[in-house]
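# Observations on chain architecture
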Amino acid sequence: AQSVTQLGSHVSVSEGALVLLRCNYSSSVPPYLFWYVQYPNQGLQLLLKYTTGATLVKGINGFEAEFKKSETSFHLTKPSAHMSDAAEYFCAVSDSGTGGGNKLTFGTGTQLKVEL
Amino acid sequence: KAGVTQTPRYLIKTRGQQVTLSCSPISGHRSVSWYQQTPGQGLQFLFEYFSETQRNKGNFPGRFSGRQFSNSRSEMNVSTLELGDSALYLCASSGQEGGYSPLHFGNGTRLTVT
């Protein structure tokens, strides 16, 4: 089974500072990787995904992530944090493969706090 | 396009009762998945339905069941509720087959068991 590990359950940054949220994965097959964001009392919203091709993936709201196979990592970054980025972020790996359905295994989440 | 709709948003039930949650996927999506989210266990996969057939199942007891109708709408049922079933239940739909397809989530049903 595939798995993801998110380092740091809470991350605090100043507004305008770099955001770096860490995700490492374990997968026996080429992984499909996702980052989702969850605002209070809401569901999960897709930020970006990596399936194949370019290893630097750009998402919504200025976020991007780089797939590094050698490090089994898929860290999420944003050059300049905004107050509206405060939320919980989840890294996920597809746990079903092609043709095997849609099942995601999620990390434990990272709560991002943005301070003035 | 309307997003994934889950009803009701909030539910309060008593131990031993049963509950049914409903999910309407994005129009045209045939895959519907359910996840349980709790502070202690995080996001856990319950099951996935595709064209009315259960395609994947997570490690939950048989008290948790689901079904999908011909219009792709899905329901999830939990029988003999326990306090530990208190959680946010999230439904997600997908328009494609295969693990590369992103899931689109609803806002969830918050179930409280007393």
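This is a predicted model, so every value here is computed, not measured. The residue numbers shown here count from 1 along each chain, following its written sequence. Following the order in which they are written, the chains are lettered starting with A and the ligands numbered starting with 1. Residue-level local features of this predicted model are given only where pLDDT is at least 70; pairs of side-chain atoms are given and counted only at 80 or more, and the full residue set underlies all totals for whole chains, interfaces and linings. As a rule here, side-chain values come from all non-hydrogen atoms in the structure, and water together with hydrogens is ignored.

Moving on: the state of the cysteines. Residue and element names in this part refer to chain B. What counts as a disulfide here is a pair of cysteine sulfur atoms lying within 2.5 Å. Counting across every chain of the model gives two disulfides over all chains. Disulfide partner of C23: C91, at an S-S distance of 1.8 Å. On the sign convention where negative means left-handed, the S-S torsion of about -65° between C23 and C91 marks this disulfide as left-handed. One end of the pair, C23, is in strand 3 (residues 19–24); the other, C91, is in strand 9 (residues 87–94), and 68 residues separate them in sequence. The exposure class of C23 is buried, given its relative accessible area of 0%. Secondary structure counts use DSSP, requiring at least four H or I residues in a row for a helix and at least two E residues in a row for a strand, with both numbered from the N terminus. Only protein chains enter the calculation, and the probe is 1.4 Å; a residue is then buried if its accessible area is under 20% of its type maximum, exposed if over 50%, and partly exposed in between.

Working definition: rings of Phe, Tyr and Trp (its six-membered ring) pair if their centres are within 6.5 Å, and the pair is stacked with planes under 30 degrees apart, edge-to-face with planes over 60 apart, and tilted otherwise. If you walk through the whole model with that rule in mind, you get 14 aromatic pairs over all chains. Relative to F67 of chain A, the ring of Y50 of chain A lies with its centre 4.2 Å away and its plane at 15°, an arrangement referred to as stacked. Of this pair, Y50 of chain A sits in strand 5 (residues 44–50) while F67 of chain A sits in strand 7 (residues 64–68), placing them 17 residues apart in sequence. Both residues of the pair, Y50 of chain A and F67 of chain A, belong to the buried class. A centroid spacing of 5.6 Å and a plane angle of 90° characterise the contact between F106 of chain A and Y35 of chain B, whose relative ring orientation is edge-to-face.

Residues and elements named next belong to chain B. Salt bridges, as used here, are contacts in which a Lys or Arg side-chain nitrogen is within 4 Å of a carboxyl oxygen on Asp or Glu. Under the definition given, this model contains eight salt bridges over all chains. Between D85 and R63 there is a salt bridge; the shortest N-O distance is 2.8 Å. In this pair, D85 sits in the loop between strand 8 (74–78) and strand 9 while R63 sits in the loop between strand 6 (53–57) and strand 7 (64–68), placing the two residues 22 residues apart along the sequence. R63 shares its class with D85; the two are buried. Put simply, R63, E82 and D85 are held in one network by salt bridges that share partners.

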